[in-house]
Amino acid sequence: MNRLAVADAHVDVLYRMEREGCSFTDPASPLQASADKLQRGGVMAQVFALYVSPREPDVFQLETVLRQIDLFYEEIVQAGGVAPIRTLDEWIAARRSRNIAGVLSLEGGGCLRGQPELLRTLYRLGVRGIGLTWNHPNALADGCLESRGGGLTDAGWRVVREAHRLGMWIDIAHLADAGVRELLTHTNGPIMASHANARAIHGHPRNLPDDVIRELYARGGWMGLVFEASFVGDPANRTLDQLCRHLDHVLSLGGEDHVGFGSDFDGTTHPVAGLATAEDYASFTERLVQRYGRPLAEKLCFRNFESFLYRTLPRHA
Ligand SMILES: [Zn+2]
């Protein structure tokens, strides 16, 4: 039987390349989602996050993002095997050539410092998604760990309007609940959660409540379950079985066409046992076939994310 193709909506490979000097292509690379490991795991589409540590002063954040974009083109794309995806035409070409489709997405809009014109420049460099915040507040909105729990600022709304005008998706993975609900109520553009689990199964602020998940599905959005153990369950319960309980739950809310995965490889502190690197997708996808049957497993592993891209990306440049 053919191995399943995988689409993964979140890794922090570029952060580790930029921060630690990790090689993407070295077979001995410590990266959890290195070229070899993606290959062996059957990953055919990978969203590469542009993440800047909140400890970095605001004024230097854009520089860090630009360095990571440069690493994407100079080291990942140049090495061959990963094709940059900015349009559906490029997606289709990557599928035909069996290249891994590589998409850039900004994780936290702090680097924009409230200026939508900077987002336009990032779009021209190939960035196709934006999460407004990481865990903390910035000029655009409150993150999910800010106890104030605020929504979007005026600058945040300007950035969201510009993102949707350009055809970028908004990623709600790290956003505070108030901002998530504002976006779902007041916008029509594409929204997804690149790496989050179900709060009904594990009550963590990084996980999504049921009403938000239902809204996301209803508007043609997408959510990727995350393998970071602390978002999966309590310390005694951070297993693959528990991750499957999240999957069962989000499917029970009507997620058959809207759910997939965003591993958080190279961004996790504690991965779930059995999902330590991208290579482990090979055994994980087999398990999904056994549990859900091949047609649904194919949707979860790849096709739902592909459909979301078809609803989001521009056809041509
Ligand atoms: Zn994250």
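Right, let's walk through the structure included here. Source: prediction; values computed, not measured. Sequence order as written defines the numbering, with residues in each chain counted from 1. Given that this is a predicted model, residues contribute local features only at a pLDDT of at least 70 and side-chain atom pairs are listed and counted only at 80 or more, while totals for whole chains, interfaces and linings are drawn from all residues. Hydrogens and water molecules were not included; the side-chain quantities draw on all heavy atoms of the structure.

1. Considerations on the overall build of the protein
- Regarding its fold elements, the protein presents eleven helices and nine strands.
- Against the compact-globule benchmark of 20 Å for 317 residues, the protein has a radius of gyration of 18 Å, which places it among compact chains.
- Projected onto its principal axes, the C-alpha coordinates of the protein cover approximately 50 × 45 × 35 Å.
- Only protein chains enter the area calculation, which uses a 1.4 Å probe; residues under 20% of their type maximum are buried, those over 50% are exposed, and those in between are partly exposed. By the burial criterion, 61% of the 317 residues in the protein qualify as buried.
- Contact definition: two residues touch when any of their heavy atoms are within 4.5 Å. In the protein, the proportion of contacts linking residues at least 24 apart, taken out of those at least 6 apart, comes to 70%.
- Computed with a 1.4 Å probe, the accessible areas rest on the Shrake-Rupley method; for each residue, only the protein chains presented here act as cover. Put simply, the protein shows about 12400 Å² of open surface, and 48% of that area lies on carbon and sulfur atoms. Each helix is a run of H or I in the DSSP string that is no shorter than four residues. Each strand is a run of E no shorter than two, and both are numbered from the N terminus. All radius of gyration figures rest on C-alpha atoms, and the globule criterion is 2.2 Å times the number of residues raised to 0.38.

2. Quick word on the pairing of strand E2 (residues 43–51)
- Burial runs high along E2: nine of the nine residues are buried.
- Two strands make a pair as long as DSSP finds a minimum of two bridges between them. Of the strand pairs in this sheet, strand E1 (residues 6–11) and E2 are connected by four bridges, and their pairing is parallel. Along E2, the bridge assignment pairs Asp-8 with Gln-46.
- Pairing analysis gives seven bridges linking E2 to strand E4 (residues 100–107), with the strands arranged parallel. The residue bridging Ala-45 from the neighbouring strand is Ala-101, located in E4.

3. A short note on the packing of aromatic side chains
- Working definition: rings of Phe, Tyr and Trp (its six-membered ring) pair if their centres are within 6.5 Å, and the pair is stacked with planes under 30 degrees apart, edge-to-face with planes over 60 apart, and tilted otherwise. For the coordinates displayed, the defined rule picks out 17 aromatic pairs.
- Clustering of aromatic rings is evident, with ring pairs tying together Phe-227, Phe-261, Phe-265, Tyr-281 and Phe-284.
- Above the plane of the ring of Tyr-123 lies Arg-128, whose end atom (NZ or CZ) is 3.7 Å from the centre. Working rule: Lys NZ or Arg CZ, within 6 Å of ring centre, within 35 degrees of ring normal, means a charge sits over the ring.

4. A word on the coordination of the zinc ion
- For the zinc ion, every protein donor is listed as Glu-107 (OE), His-174 (NE2) and His-195 (NE2), and the spread of their distances is 2.1 to 2.2 Å.
- Donor atoms (N, O, S) are those found within 2.8 Å of the metal centre, with the cutoff raised to 3.2 Å for Na, K and Ca; water is not part of the atom list, so apparent gaps in a site can occur. Along the chain, the residues donating to the zinc ion are arranged with the sequence spacing E-x66-H-x20-H. Of this pair, Glu-107 sits in strand E4 while His-195 sits in the loop between strand E7 (191–193) and helix H8 (210–218), placing them 88 residues apart in sequence.
- Classification of Glu-107 by relative accessible area gives buried; the value is 8%.

5. So, the pattern of salt bridges
- What counts as a salt bridge is simple: a side-chain nitrogen of Lys or Arg found within 4 Å of a carboxyl oxygen of Asp or Glu. Within the structure shown, the criterion is met by 19 salt bridges.
- We note a salt bridge from Arg-181 to Asp-211, for which the minimum N-O separation is 3.0 Å. Remark: Asp-211 occurs in helix H8 and Arg-181 occurs in helix H7 (residues 177–186); sequence separation between them is 30 residues.
- Judged by relative accessible area, Arg-181 falls into the partly exposed class, the value being 34%.
- Relative accessible area serves as the criterion here: at 38%, Asp-211 is assigned to the partly exposed category.

6. Here's the deal with the environment of Ser-34
- Tracing the backbone shows Ser-34 in the loop between helix H1 (13–20) and helix H2 (35–41).
- When its relative accessible area of 1% is taken as the criterion, Ser-34 is described as buried.
- It is 28 Å that separates the C-alpha atoms of Ser-34 and Pro-235, two residues lying 201 residues apart in sequence.
- Ignoring anything within four residues of it in the chain, the contact list for Ser-34 reads Phe-24 and Ser-29.

7. Some thoughts on empty space enclosed by the protein
- Both site types are read off a 1 Å grid over the protein atoms alone. A 1.4 Å probe that fits but cannot get out defines a cavity, while an open set with protein on both sides within 12 Å along at least five of seven lines defines a pocket; lining residues have an atom within 4 Å of a point. Grid points are joined across faces, edges and corners, and a volume is the space filled by probe spheres set on the points. With the rule as written, the count across this model stands at three cavities of 30 Å³ or more.
- Estimates place the volume of the largest cavity at around 60 Å³.
- For this classification, Asp, Glu, Lys and Arg are treated as charged, while Ala, Val, Leu, Ile, Met, Phe, Trp, Tyr, Cys and Pro are nonpolar and the rest, including Gly, are polar. In the lining of the largest cavity, the residues fall into four nonpolar, seven polar and two charged.

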